[in-house]
Amino acid sequence: MSRRKLQQLVESLGRSAKHFNKSEVECLIKLFNALVKRPGQSNSRFAGVGFDRNMFRDTLHSAFGMTDVMLMDRVFRTFDRDNDSCISVVEWVEGLSVFLRGTLEERIKYCFEVYDLNGDGYISREEMFQMLKNSLLKQPSEEDPDEGIKDLVDIALKKMDYDHDGKLSFMDFEKAVRDENLLLEAFGPCLPDLKWQTMVFQPAPSAGL
């Protein structure tokens with residue numbers, strides 16, 4: 001990428017990714033370019049252009065400590081705004097703006113999108129069960145673990161389902177989280193630990209690593 005193109009991109013993203021300053025935007029663009037050019041990415045049809053699902057999952061794991069494959073796939077969907085199965089540099093920087101620095105309002109919207117597995121505008125009982133079963137550690141016990149998860153789903157609905165329709169609308173979720181911020185990641189970790197948030201602005205690795 002030429003210096004002029006980089007500057008134009010920094011200017012544009014400096015406006016749309018409003019939680020980053022220009023030097024941070026430039027750092028994220030350089031990190032993106034280094035990551036997409038890593039050896040081993042050449043077998044992707046998006047090699048050198050953007051992240052495919054596997055590359056993005058690897059990056060979420062190595063850069064932000066995420067381990068839940070189902071939720072990492074959902075994070076991919078929220079970043080991939082044009083649904084072309086490739087995270088472009090613009091989607092990367094704008095997505096990270098919310099992921100790392102988003103306001104409470106932006107993070108509520110983001111987490112709801114991640115948890116709404118089928119994109120129908122609700123977090124259903126089945127989706128809650130699926131996510132909680134996936135994210136909780138399997139404990140060897142004589143009891144049926146599914147029963148314990150069903151109890152957790154019932155507790156979540158009792159606490160968050162304000163209109164009592166057996167599922168969570170965005171309004172339900174937003175009200176619950178505003179009343180108790182800890183409920184933001186109620187159905188599994190989909191935001192980075194605070195300790196990871198500065199690491200992403202370390203100098204980008206060289207493309208040869």
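Values in this document were obtained by computation on a predicted structure and should not be read as measured data. (Residues numbered from 1 in each chain as written. Predicted model: local features only at pLDDT ≥ 70, side-chain atom pairs only at ≥ 80, totals over all residues. Heavy atoms only, no water.)

Undergrad: Would you mind showing me how to read the environment of leucine 191 here?
TA: Note that leucine 191 resides in the segment after helix H9 (170-179). The exposure class assigned to leucine 191 is buried, which follows from its relative accessible area of 12%. With 127 residues separating them along the chain, leucine 191 and phenylalanine 64 place their C-alpha atoms 8.5 Å apart. Beyond its immediate sequence surroundings of up to four residues, leucine 191 is in contact with Phe99, Arg107, Tyr110, Cys111, Leu184 and Glu185. (Helix = DSSP H or I, 4+ residues; strand = E, 2+ residues; numbered from the N terminus. Buried < 20%, exposed > 50% of the residue type's maximum accessible area, 1.4 Å probe, protein only. Contact = heavy atoms within 4.5 Å.)

Undergrad: What exactly am I supposed to notice about the environment of aspartate 179 here?
TA: By secondary structure assignment, the location of aspartate 179 is in helix H9. Residues aspartate 179 and methionine 160 lie 19 residues apart in sequence; the distance between their C-alpha atoms is 9.9 Å. A polar contact is formed between the side chain of aspartate 179 and the side chain of tyrosine 162, at a distance of 3.1 Å. (Polar contact = N/O pair within 3.5 Å; in protein donor to acceptor, adjacent residues only side chain to side chain.)

Undergrad: Looking at this structure, I do not really get the UniProt feature "domain: EF-hand" (unreviewed entry) in the protein. What am I missing?
TA: Per the UniProt record, the feature "domain: EF-hand" (unreviewed entry) sits at residues 67-102, 103-138 and 148-183. In residues 67-102, the share of helix is 67% and the share of strand is 0%. The end C-alpha atoms are 21 Å apart. Secondary structure content for residues 148-183 is 64% helix and 8% strand, while the C-alpha to C-alpha distance between its ends is 19 Å. (UniProt positions renumbered as here; feature names shortened; annotations may be inferred.)

Undergrad: Looking at this structure, I do not really get the side chain of aspartate 161. What am I missing?
TA: Of note, aspartate 161 is situated in the loop between helix H8 (145-160) and strand S2 (167-169). From its side chain, aspartate 161 meets the backbone nitrogen of glycine 166 in a polar contact 2.9 Å long. In this view, aspartate 161 contacts Ala156, Gly166, Lys167, Leu168 and Asp172; residues no more than four positions away in its chain are not counted.

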